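# Examining the three-dimensional arrangement
What follows is the residue order along each chain.
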Amino acid sequence: QVQLVESGGGSVQAGGSLRLSCAASGGAIVKINNMGWYRQTPGKQRELVAGITRGGDTNYADSVKGRFTISRDNAKNAMYLQMNSLPPEDTGVYSCNADVITLTFGYRELWGQGTLVPVSS
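What you see is a predicted model, and the numbers here were worked out from it, not measured in a lab.

## What to know about the overall build of the protein
- From N to C terminus, the protein includes zero helices and 12 strands.
- Starting at the N terminus, the α and β elements of the protein follow one another as β-β-β-β-β-β-β-β-β-β-β-β.
- Expected size for 121 residues packed as a compact globule is a radius of gyration near 14 Å; at 14 Å, the protein falls within 12% of this value.
- Along the first, second and third principal axes, the C-alpha atoms of the protein reach 45 × 25 × 25 Å.
- Counting the 121 residues in the protein, one finds 41% classified as buried.

## Observations concerning the state of the cysteines
- Here the structure, examined in full by the defined rule, presents one disulfide.
- Across a sulfur-sulfur distance of 2.2 Å, C22 and C96 are joined as a disulfide pair. In this structure the cystine formed by C22 and C96 twists about its S-S bond by roughly 65°; its chirality is therefore right-handed. Of this pair, C22 sits in strand β3 (residues 18–25) while C96 is found in strand β9 (residues 92–102), placing the two residues 74 residues apart along the sequence.

## Quick word on the side chain of N97
- Summarising the element assignment, N97 is placed in strand β9.
- One polar contact links the side chain of N97 to the main-chain carbonyl oxygen of L110, over a distance of 3.5 Å.
- With near-sequence residues (within four places) excluded, N97 lies in contact with L4, N34, M35, G36, Y38, M79, E109, L110 and W111.

## Focus on the sheet that holds strand β1 (residues 3–7)
- Read from one edge to the other, the open sheet built from four strands follows the order β1-β3-β8-β7, with strand pairing classed as antiparallel. In this open sheet, the two strands that pair with only one neighbour each are β1 and β7 (68–73). The mean angle between the axes of side-by-side strands here comes to 15°, regardless of whether they run parallel or antiparallel.
- Pairing geometry for β3 and strand β8 (residues 78–83), over six bridges, is antiparallel.

## Details of the packing of aromatic side chains
- Summed over all chains, the structure comprises one aromatic pair.
- The ring of Y38 has R46 sitting right over it, with the charged end atom 6.0 Å from the ring centre.
- Sitting above the plane of the W111 ring, R46 keeps its charged end 3.8 Å from the centroid.

## Structural notes on the pairing of β7
- The alternating pattern of β7 places F68, I70 and R72 on a buried face and T69, S71 and D73 on a face that is not buried.
- Connecting the antiparallel pair β7 and β8 is a turn made up of four residues, with N77 showing a positive phi of about 50°.

## Looking at the side chain of S95
- Relative to the elements of secondary structure, S95 occurs in strand β9.
- S95 sits in the buried class, given a relative accessible area of 10%.
- For S95, the contacting residues outside a window of four places in its chain are E6, G36, W37, Y38, W111 and G114.

Reading the values: rules and limits
- Residues numbered from 1 in each chain as written.
- Predicted model: local features only at pLDDT ≥ 70, side-chain atom pairs only at ≥ 80, totals over all residues.
- Heavy atoms only, no water.
- Helix = DSSP H or I, 4+ residues; strand = E, 2+ residues; numbered from the N terminus.
- Rg over C-alpha atoms; globule rule 2.2 N^0.38 Å.
- Buried < 20%, exposed > 50% of the residue type's maximum accessible area, 1.4 Å probe, protein only.
- Disulfide = S-S within 2.5 Å.
- Polar contact = N/O pair within 3.5 Å; in protein donor to acceptor, adjacent residues only side chain to side chain.
- Contact = heavy atoms within 4.5 Å.
- Pairing = 2+ DSSP bridges.
- Axes fitted to C-alpha atoms, helices over the stretch in contact; angles between N-to-C directions.
- Phe/Tyr/Trp six-rings, centres within 6.5 Å; stacked < 30°, edge-to-face > 60°.
- Lys NZ or Arg CZ within 6 Å of the ring centre and 35° of its normal.

The values reported here are purely geometric and, on their own, carry no functional implication.
Structure follows, in structure tokens:
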């Protein structure tokens, strides 16, 4: 069964940096199309922080432009989010999302388990 596994979350001080990783594994993956990182903060709806197409086209939420960089490695079925100059407002649970095509089940939209990123002031 294909799943997305995140890593790299953890506590960071304001102004610091963190790199999140997301990797798909566990099944016969044909290919992964769009991927993205979402953030959930208390009292707010989950928002798309950054997205990337299979070809490498990217888009970012206005609040993170210039500070976050999304990237992917198609050969490894992996995606990354480099986060710099983090203010406390970036605190939240970050989840990866991917449109995965598998040999067994065809198309599936998958979510990672979420990783908490607390940014302390």
